[in-house]
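# Observations on the three-dimensional arrangement
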Amino acid sequence: MLSAILNAFRVPELRRKIIFTLAIIALYRLGSFVPVPGIPVNELTAAFNNPDAASGSMMGILNIFSGNALSRFSVLSLGIMPYITSSIIMQLMQGVIPSLQRWSREGDTGQKKITQITRYLTLALGLINAIGYLFLFQAQYGLVLSPNLPSLFSSAVIVFTLVAGVALIMWMGELITQRGVGNGMSLIIFSNIVAGFPSAIMESLGQFTPSSIAFTALIIIIVLAVIPGIVLIERAQRRIPINYAKRIQGRRVMGGSSTYIPLKVNGAGVIPIIFASALLYFPAQLAAFFNVGWLTTFSNWLTHGALNWIMTLALIVFFCFFYTSMVFNPQETASNLQKQGGFIPGVRPGANTVQYIKNVLNRITLPGGFYIACIAVIPTILFSFSGNYLIHAFGGTSILIMVGVALDTMSKIESQLKMYHYEGFFK
């Protein structure tokens, strides 16, 4: 591992990309401490960090993903979530809207059109989120705007600043993707989660009593023990063998080779967790806006206790199947194989191939869905009994994101190192 890192810095081009990536992330982290004009930062932070107000809620999860920028109400408070949501929406719409489906097959030209629409959608979602957060913080956390400015003007400045922060984050993420190493948006989320690690440990230690020290050490040991298992499952694949028939073109014999279709056990990543959380915590957001008694009671049922755990598990498994069916089309895969003269040994081309791929996909998606659900639900259950913030801040979702981003970034560095005949991370 150490030799691979040293080799990465020996390659001038790769060294420049790594330094550029680290510089953009440092600039982003600096921006997360710049407060929005007209906001009483100290009072808001104290109210937000009150365990009865935010701990364990959806706002707490969003605060983790924003690198605690949301609790400070900084210019980057909205974080990367508007862009992620718009990207997911565009991915899903490609299976529904024919024009988007056509653009996705046109290569770089079509991808540029989809990217442009994703940017506009991100700004629209950022505007909605900014207005929603403003009302939510006023209703739930007693946010009082600056008395020196008119209320409407202060609100407009806050909303405009937050939307500008979304545009800035999107620009930084795209810069890292184009000129740095790895996926920029994923690395920003990674940096946000890691940034909260020291404060979470200090809060878990409390008064440095023997019991708190032992419990914190136990959590860290469990997390370190779980990571290799997550890496193993994240890299696990079900490989469907493919053979290509021989054909003669002129005097040359073409084809006759063998390959495989790699199907990941966890093909949906953390997207089912995001979908399930958004659906379950949506009534809670409505209850905070409108302050209706029955809606508040209903949202508490959905966001706490055994009902929340059961609903989260069921929804994550459902969205695993839903998202996998949207991004992987067995019909299209079978059609492409038939056009290229490929076939699965022992399976007839056409409808039989489509059904075979569907069956394999369903068999690996079900355990993959339960794997993601357990990673998301078990830390929540442990947090409800222990109340330890370290479990909440670095639960299964955070670990899953960090491991996935780390593996993806290491794979990209690996490919660069092999171009220069260096050994990479994966031996």
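## Here we look at the overall build of the protein
- Scanning the protein for helices and strands turns up 19 helices and five strands.
- Within the span of the protein, comprising 427 residues, buried residues form 44% of the whole.
- The contacts in the protein between residues at least 6 apart in sequence include a share of 72% that link residues at least 24 apart.

## Focus on the packing of aromatic side chains
- For the coordinates displayed, the defined rule picks out three aromatic pairs.
- Where F318 meets F322, the ring centres are 6.2 Å apart and the plane angle is 15°; that geometry is what we call stacked. Here F322 and F318 lie together in helix α15 (residues 305–327), a separation of four residues that amounts to about one turn.
- The partly exposed category is assigned to F318, whose relative accessible area is 48%.

## Regarding the nonpolar core
- Counting 63 residues, the largest nonpolar core has I316 and L400 as the members making the most contacts within it.
- It is helix α9 (residues 151–179) that provides the largest number of residues to this core, a total of 10 residues.
- Counting residues in hydrophobic clusters, the runner-up holds 12 residues, among them I240, L263, I344 and V360.

## Thoughts on the sheet that holds strand β4 (residues 258–264)
- The three strands lie next to each other as β4-β1-β5, forming an open sheet whose pairing is antiparallel. Each end of this open sheet is capped by a strand with a single partner; those strands are β4 and β5 (342–343).
- The pairing of strand β1 (residues 237–244) with β4 spans seven bridges and is antiparallel. Bridge pairing in β4 places I242 opposite T259.
- Where helix α17 (residues 351–386) meets the sheet, it contacts β1 and β4, and its direction lies at approximately 165° from that of β1.

## Focus: the packing of helix α11 (residues 197–205) against helix α12 (residues 210–234)
- In contact at an axis separation of 8 Å, α11 and α12 are set at 140° when each is read in the N-to-C sense. In terms of orientation, α11 lies oblique with respect to α12. In contact with I201, S204 and L205 of α11, α12 contributes S212, I213, T216 and I220.
- Partitioning the contact of α11 with α12 into residue classes produces four nonpolar, three polar and no charged.

## Focus on the side chain of T365
- By secondary structure assignment, the location of T365 is in helix α17.
- The buried category is assigned to T365, whose relative accessible area is 7%.
- Those residues within four positions of T365 in sequence are excluded, and the remaining contacts are C320, F321 and T324.

## Overview of a nonpolar patch on the surface
- Together, I89, M93, V96 and I97 make up an exposed nonpolar region whose accessible area comes to about 290 Å².
- Mapped onto the elements, V96 comes out in the loop between α6 (81–93) and α7 (98–104).
- Overall, the relative accessible area of 56% leaves V96 in the exposed class.

## A closer look at the confidence of the model for the protein
- Summary statistics for the protein give a mean pLDDT of 78 and a share of 81% for residues scoring 70 or more.
- Below pLDDT 50 for its whole length, residues 51–56 participates in 12 contacts with residues either more than four positions away or in separate chains.

## With respect to the pattern of salt bridges
- In total, this model carries three salt bridges according to the counting rule given.
- Here R119 makes a salt bridge to E174, at a shortest N to O gap of 2.9 Å. Here the residue R119 occupies a position in helix α8 (residues 108–140), and E174 occupies one in helix α9, the gap between them amounting to 55 residues.
- Residues D408 and K412 are paired through a salt bridge, measuring 3.0 Å at the closest nitrogen-oxygen approach. One end of the pair is D408 and the other is K412, both in helix α19 (residues 396–419) and four residues apart, which spans about a single turn.
- Residue classification places D408 among the partly exposed residues on the basis of a relative accessible area of 30%.

## Remarks on helix α10 (residues 184–195)
- Taking 1.5 Å of rise per residue, the 12 residues of α10 would be expected to cover 16 Å, and the 16 Å separating its terminal C-alpha atoms lies within 8% of that figure.
- For α10, every residue scored as buried is listed here: G184, M185, L187, I188, I189, S191, N192 and I193.
- A side-chain oxygen of the first residue of α10 lies 3.1 Å from the backbone nitrogen of M185; this N-cap is N183.

Definitions and cut-offs
Residues numbered from 1 in each chain as written. Predicted model: local features only at pLDDT ≥ 70, side-chain atom pairs only at ≥ 80, totals over all residues. Heavy atoms only, no water. Helix = DSSP H or I, 4+ residues; strand = E, 2+ residues; numbered from the N terminus. Buried < 20%, exposed > 50% of the residue type's maximum accessible area, 1.4 Å probe, protein only. Contact = heavy atoms within 4.5 Å. Phe/Tyr/Trp six-rings, centres within 6.5 Å; stacked < 30°, edge-to-face > 60°. Core = buried A, V, L, I, M, F, W, Y, C linked by side-chain atoms within 4.5 Å. Pairing = 2+ DSSP bridges. Axes fitted to C-alpha atoms, helices over the stretch in contact; angles between N-to-C directions. Parallel < 35°, antiparallel > 145°, perpendicular 65-115°, else oblique. Nonpolar A, V, L, I, M, F, W, Y, C, P; charged D, E, K, R; others polar. Patch = residues over 30% accessible without salt bridge, like charges linked within 9 Å, V, L, I, M, F, W, Y side chains within 5 Å. Areas by Shrake-Rupley, 256 points an atom, 1.4 Å probe, with all protein chains shown as cover. Salt bridge = Lys/Arg side-chain N within 4 Å of Asp/Glu carboxyl O. pLDDT = per-residue confidence, 0-100. Expected span 1.5 Å × (residues − 1). Polar contact = N/O pair within 3.5 Å; in protein donor to acceptor, adjacent residues only side chain to side chain.

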